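# What the coordinates show
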Amino acid sequence: MRRPDSSALGAGISILALGALLLLQDKEVIDFEPGWFLAALTALVGMALASRSLPGAEPAARTAPEREAERLSGAGLLVGVILGAGLFFAWAKGALADAGDVALAALVVTVALGLISAPFWWSMARRLGAERMARVRSQERAEVAAHLHDSVLQTLALMQKRAGDPDEVAKLARRQERELRSWLAGEEPPRPGERLADALEAVAADVEEHHGAQVEAVVVGDAPLDERREALVAASKEALTNAAKFAADGGEVRLYAEIDESGAKVFVDDRGPGFDLDSIPDDRRGVRESIIGRMKRHGGHAKIRSGPDRGTEIELSLPGGRA
Amino acid sequence: MTSVPSVVIVDDHAIFRAGVRAELADRVAVLGEAESVEEAVRAIAELEPDVVLLDVHMPGGGGVEVIEQVAKQRPQQRFLALSVSDDPQDVIAIVRAGARGYVTKTITGEELADGVRRVRDGDAVFSPRLAGFVLDAFAGDLPAEEVDPELDQLTAREREVLRQIARGYLYKEIALRLHISVKTVEAHVSSVLRKLQLSNRHELSRWAVSRRLVD
């Protein structure tokens, strides 16, 4: 990167140097004819300004930071001219003679030097910032690549190997889809330990994972989890597991939940063979105990409708508003 | 109308277009495909399909842009949105732009063909998730003076139909379950679609933004 406008820097510094020389002359440290200073000053400033407008001094394309650095150095030049003129004026008036405030003059010179060199520091800071940004960006890209490699590519490889087993392939694809979606959603990770809606969706995903049925969940509304709602989640899980086990092969199980001021309702529907509730076989005791019993104990209730060829519907309801 | 409906598939993924074409093969006449907004606008004007199957996300403005440009020349054109995105903002935006329904890309070929036919006939098609969104967005009571009951509220019957859709039941199953005709189910869904498109209910947009989740 080009040093921002060295001509302006030179002009500013020479003006300041001249100002300082004038001051020294006035203090009788060195002896000069003041007219020389004026001439030299004018010449130097003129040269600096001329070199700025020379053709070829303008680089063809400038980056935004360079352009801004140029503007800043222009301002530095202006301040340098004004300060130099000020010093010259003060010297001419002889105000500096009896003030004896070398300290003031030194302060002025320091401030001016700072102003003149500001573009340099500023562009340095910008360059460092840009480098850091680029580093962060390439780091992010590496992270995305690593994530896709560990998840999607692995799953695709696995699916190619299992191509002969459609159930397994479907399961892999759905698991990967769920994982990718939650990764993309990013900003707000689900909180199945705190929110009823997230807990129900997590339970649906879990059952799908372990029982080979597709479980679609649609949840409307939300409420914080408490002990009773946790019981509702547990009963929903039991209902889903039950439906997934007995759903027609690889069949679809649906969970729909509606949560509002008056309470929470969860529906679990499947298109399995259905069953007769009165003749629940022993291996389905889960239905009585973990679903009906559990809902009752927590002040809710469960309704089960089932029959041959029409699948099974389980309706769980838990009265009570948002806590 | 019982003839085979015709469609144009608009999606920027070639693999996906090929998949949809194969699934619809015998049930729907696929007149053409397009993979960008300009291509879609041109193909629709030229082929005049009954229904446009429209992806929500595409480079250059997406499905909403296609609907807006086509509507200038063919205001009667019918669209069915088809997307992997379950982002409520996308879904609400495309339905409010004029799509007559929204289904997810995992839908079976049979159900999709059914949806196309329904949209061609002027009815609306809601996926379970869209039904859930609508119930969520129209939940809660508004102060009476702010409500246009014609547009800003669902009737009890409409709610019940949406609930059944959210539970995954098909229109004919819903008709049986609620003891109404399939025509009535369709009328309720169309009425909900109209409300969704025209309601000024401020909750709609706020809700969609507040629920920016992908799944």
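The structure we're discussing is the one just above.
Report follows, based on the coordinates.

Below, the discussion takes up the overall build of chain B. Of regular secondary structure, chain B possesses eleven helices and six strands. The 215 residues of chain B split such that 53% are buried. Partitioning the intrachain contacts of chain B with sequence separation of at least 6 by distance along the chain shows that 68% fall at a separation of at least 24. Accessible surface computed for chain B: about 9600 Å², of which carbon and sulfur atoms make up 52%.

Here the focus is the interface of chain B and chain A. By a frequent convention, interface size equals the accessible area lost on bringing the separate parts together. Taken residue by residue, the interface counts 18 residues in chain B and 15 residues in chain A. When chain B packs against chain A, close to 1700 Å² is buried across both sides, 44% of that on carbon and sulfur atoms. Inspection of the region where chain B meets chain A yields five salt bridges. Note that Glu 258 of chain A is salt-bridged to Arg 163 of chain B, the shortest N-O span being 2.6 Å. Here chain B is connected to chain A by eight residue pairs in polar contact (both at pLDDT 80 or more). Among the elements of the structure, helix 6 (128–137), helix 8 (156–166) and helix 9 (171–178) of chain B are those that each provide at least two residues to the side of chain B that touches chain A.

Before going further, it helps to spend a moment on the side chain of Arg 129 of chain B. Checked against the element boundaries, Arg 129 of chain B lands in helix 6. Assessed through its relative accessible area of 15%, Arg 129 of chain B is described here as buried. Polar side-chain contacts of Arg 129 of chain B include one of 3.1 Å to the backbone oxygen of Ala 217 of chain A.

Our next topic: the packing of aromatic side chains. A ring pair, where both rings are aromatic, is described by two values, the distance of the centres and the angle of the planes. The full count for this structure, using the stated rule, is two aromatic pairs over all chains. When the centroid spacing of 5.1 Å and the interplanar angle of 65° are considered together, the rings of Phe 120 of chain A and Trp 121 of chain A count as edge-to-face. With a relative accessible area of 29%, Phe 120 of chain A lands in the partly exposed category. Measuring from ring centre to ring centre gives 6.1 Å for Tyr 256 of chain A and Phe 267 of chain A, while their planes differ by 20°; the resulting arrangement is stacked. On the criterion of sequence distance, the pair formed by Tyr 256 of chain A in strand 2 (residues 252–260) and Phe 267 of chain A in strand 3 (residues 263–270) is long-range, its members being eleven residues apart. Residue classification places Phe 267 of chain A among the buried positions, given a relative accessible area of 7%. Positioned above the aromatic ring of Tyr 169 of chain B, the side-chain terminus of Arg 177 of chain B is 3.8 Å from the ring centre.

For the rest of this paragraph, the subject is the nonpolar core. Grouped together as the largest cluster of nonpolar side chains are 51 residues, with contacts concentrated most on Val 66, Phe 79, Ile 94, Phe 126 and Val 134 of chain B. Here this core takes six residues from helix 6 of chain B, the largest share from any one element. Dropping the residues within four chain positions of it, Phe 79 of chain B is found in contact with Ile 44, Val 52, Leu 54, Val 66, Ile 67, Val 70, Ala 99, Arg 100, Gly 101 and Val 119 of chain B. Ranked by size, the runner-up nonpolar core spans 36 residues in total, among them Val 219, Ala 243, Ala 244 and Val 287 of chain A.

Sheet strands pair by backbone hydrogen bonding; their relative direction is either parallel or antiparallel. Residue and element names in this part refer to chain B. Spatially, six strands are ordered 2-1-3-4-5-6 in an open sheet, and the strand pairing comes out parallel. The sheet is open, and its two borders are formed by strand 2 (29–34) and strand 6 (125–126), each paired with just one other strand. Looking at chain direction, strand 4 (residues 78–83) and strand 5 (residues 101–104) are connected through three bridges and run parallel. Residue pairing in the sheet places Ala 81 in a bridge with Tyr 102 of strand 5. Strands in contact with helix 3 (residues 62–73) are strand 3 (51–55) and strand 4; relative to strand 3, the strand with the most contacts, it is inclined by about 150°.

This part is about the pairing of strand 1 (residues 214–220) of chain A. Residues and elements named next belong to chain A. For strand 1, the tally of buried residues reaches six of seven residues, placing the bulk of the element in the interior. Judged from the seven bridges that link them, strand 1 and strand 2 form a sheet pairing that is parallel. Considered in strand 2, the bridge of Val 219 is made with Ala 257.

Next up on the list: the packing of helix 8 of chain B against helix 10 (residues 182–198) of chain B. All names here are of chain B. Following both chains from N to C, one finds helix 8 and helix 10 inclined at 100°, their axes separated by 9 Å at the closest point. On the basis of the axis angle, helix 8 is roughly perpendicular to helix 10. For the pair helix 8 and helix 10, the contacting residues are Arg 157, Glu 158, Val 161, Leu 162 and Ile 165 in the first and Val 185, His 188, Val 189, Ser 191, Val 192 and Lys 195 in the second. When grouped by side-chain class, the residues that make up the contact of helix 8 with helix 10 number six nonpolar, two polar and three charged.

Our focus in this paragraph is the pattern of salt bridges. Opposite charge on two side chains allows them to pair when their charged atoms are near. Applying the stated criterion to the full structure yields 31 salt bridges over all chains. The partner of Arg 167 of chain B in a salt bridge is Asp 269 of chain A, and the shortest N-O contact between them spans 2.9 Å. Separated into two different chains, Arg 167 of chain B in the loop between helix 8 and helix 9 and Asp 269 of chain A in strand 3 make up a pair that spans both. By the burial criterion, Arg 167 of chain B is buried, and Asp 269 of chain A matches it. In this structure, Arg 117 of chain B and Asp 114 of chain B form a salt bridge, with 2.9 Å as the shortest nitrogen-oxygen distance. Separated by three residues within a single helix, Arg 117 of chain B and Asp 114 of chain B lie in helix 5 (residues 109–120), roughly one turn from each other. A residue is classified by how much of its surface remains accessible, and Arg 117 of chain B, at 29% relative accessible area, is partly exposed. According to the relative accessible area criterion, Asp 114 of chain B is partly exposed, its value standing at 31%. The structure contains a network of salt bridges with shared partners spanning Asp 269, Lys 303, Arg 305, Glu 313 and Glu 315 of chain A together with Arg 167 and Arg 177 of chain B.

Thresholds, definitions, all that
Residues numbered from 1 in each chain as written. Chains lettered and ligands numbered in written order. Predicted model: local features only at pLDDT ≥ 70, side-chain atom pairs only at ≥ 80, totals over all residues. Heavy atoms only, no water. Helix = DSSP H or I, 4+ residues; strand = E, 2+ residues; numbered from the N terminus. Buried < 20%, exposed > 50% of the residue type's maximum accessible area, 1.4 Å probe, protein only. Contact = heavy atoms within 4.5 Å. Areas by Shrake-Rupley, 256 points an atom, 1.4 Å probe, with all protein chains shown as cover. Buried area = accessible area lost by both parts, 1.4 Å probe. Salt bridge = Lys/Arg side-chain N within 4 Å of Asp/Glu carboxyl O. Polar contact = N/O pair within 3.5 Å; in protein donor to acceptor, adjacent residues only side chain to side chain. Phe/Tyr/Trp six-rings, centres within 6.5 Å; stacked < 30°, edge-to-face > 60°. Lys NZ or Arg CZ within 6 Å of the ring centre and 35° of its normal. Core = buried A, V, L, I, M, F, W, Y, C linked by side-chain atoms within 4.5 Å. Pairing = 2+ DSSP bridges. Axes fitted to C-alpha atoms, helices over the stretch in contact; angles between N-to-C directions. Parallel < 35°, antiparallel > 145°, perpendicular 65-115°, else oblique. Nonpolar A, V, L, I, M, F, W, Y, C, P; charged D, E, K, R; others polar.

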